[in-house]
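Read off the chains here:
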Amino acid sequence: MRRSQIHITAGMFAAVLTIAACAPAATPGQPSATAVATRPSATAVPTRPAAVTMRWGARLTEANMVYLKGNYAQKYGLTVQPILFSTGIDSRDALIGGQIDVAELGITPAVTALARTTDLLVIATSDWGGGKYRLMVKTGSTAKTFEDLKGKKIAVQVGSGAYSAFLGVAKGKGLTAKDFQLLNIGDVDAIAALEQGSVDAVQYWEPIVSIIETKGIGRELMSYEGLVNNPVLILARRQWVEQNRAAALAFAAGWSDALEFMTKQPNEAAKIIVDALAEKGQKMDVAVQARALTHDHYEPDLKPTFIADLKQSWADGVAQGSFKGTEPDWSAVYRPEIVQEAQKLRK
């Protein structure tokens, strides 16, 4: 996603990702400027991937930035070619079409991809938890409950995890999307719309909601922590994984390191993200970014409970007419052993 308040362009960030992916790993004993010393160690890798390049569907997410800027791929001998996409839908379509090998997708784009082809596997998680989603109303709003927004204008990215979370809560309260004026608005525009009063609320994810809160534009009406899991998943082409298993394990090991670093060192991780943006003249407050990171669960493991989330997303899509045909064989595409085996590479 685009970083709100800083107006990042895809071209600007693509340059940052390319520099990060191609930069040499830090030399032992010579820490980089981004606090490499505080990251989980990745020494003595017993099995290194053959000369293969992983085409990575990069997006403007915190995990993507930390993974690439932190040189986690290089530490495990993996070469990554980041290809930037502005949305998970674009990344999903490129993965289905074979233009990339691995991508980070929200649960709705992920289920859509798995419903369209059997050539994809779920190999890891990026993050999960409802805490990253919050329903924000304008400062001074008299709204006190979810139901108070009936008939009101709400900015949300239709088809996103935040959108699905909203509909799930609405359903539990006997409401539907028709009971609200849901407007498909991008993150930067959503912040501006709430500030200008052209919408009554914003249903979004971090760090957008923390920016709204910190700038005093709006306040939290409700958090979705404990209400939804909505895991963000890592999908890969089945053929690529089968032909390049060592590379898949190297990715999973580096990805695990990056997420652990974000969990244990949110302030340092935030600095990496902010530094990456500053290289292109963009500004993001470290404190706001660090705060946003603490509202999510950055873990690579594919929990058994996430299968229920996939099934529910499929059922919701069928009910809405979005999905047709046979439900994916979740046991065949859900591959937690990739991350589990990758842990053996981490020392």
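Conventions we followed
Residues numbered from 1 in each chain as written. Predicted model: local features only at pLDDT ≥ 70, side-chain atom pairs only at ≥ 80, totals over all residues. Heavy atoms only, no water. Buried < 20%, exposed > 50% of the residue type's maximum accessible area, 1.4 Å probe, protein only. Helix = DSSP H or I, 4+ residues; strand = E, 2+ residues; numbered from the N terminus. Pairing = 2+ DSSP bridges.

Chemist: Help me get a handle on the pairing of strand 3 (residues 102-105), residues and values and all.
Modeler: Here strand 3 shows two buried faces, one formed by Val 102 and Glu 104 and the other by Ala 103 and Leu 105. In terms of strand pairing, strand 1 (residues 53-58) meets strand 3 through 2 bridges, oriented parallel. Bridged to Trp 56 within strand 3 is Val 102. Strand direction decides the pairing type here: strand 3 and strand 10 (residues 232-237), joined by 4 bridges, are antiparallel. By the bridge assignment for strand 10, Val 102 is matched with Ala 236.

Chemist: Provide a residue-level description of unusual backbone geometry, including the pertinent values.
Modeler: Residue Pro 207 follows Glu 206 across a cis peptide bond; omega there is 0°. Structurally, Pro 207 can be placed in the loop between strand 8 (201-205) and helix 7 (208-214). Even without glycine at this site, Asn 71 takes up a positive phi of about 60°. For Asn 230, which is not glycine, the phi torsion reads 35° and is therefore positive. With respect to the secondary-structure elements, Asn 230 resides in the loop between strand 9 (218-223) and strand 10. You can call Asn 230 buried: its relative accessible area is 10%.

Chemist: With reference to specific residues and values, describe the environment of Ile 100.
Modeler: Structurally, the position occupied by Ile 100 is in the loop between helix 3 (88-96) and strand 3. Note: C-alpha distance between Ile 100 and Gly 57 (43 residues apart in sequence) is 6.1 Å.

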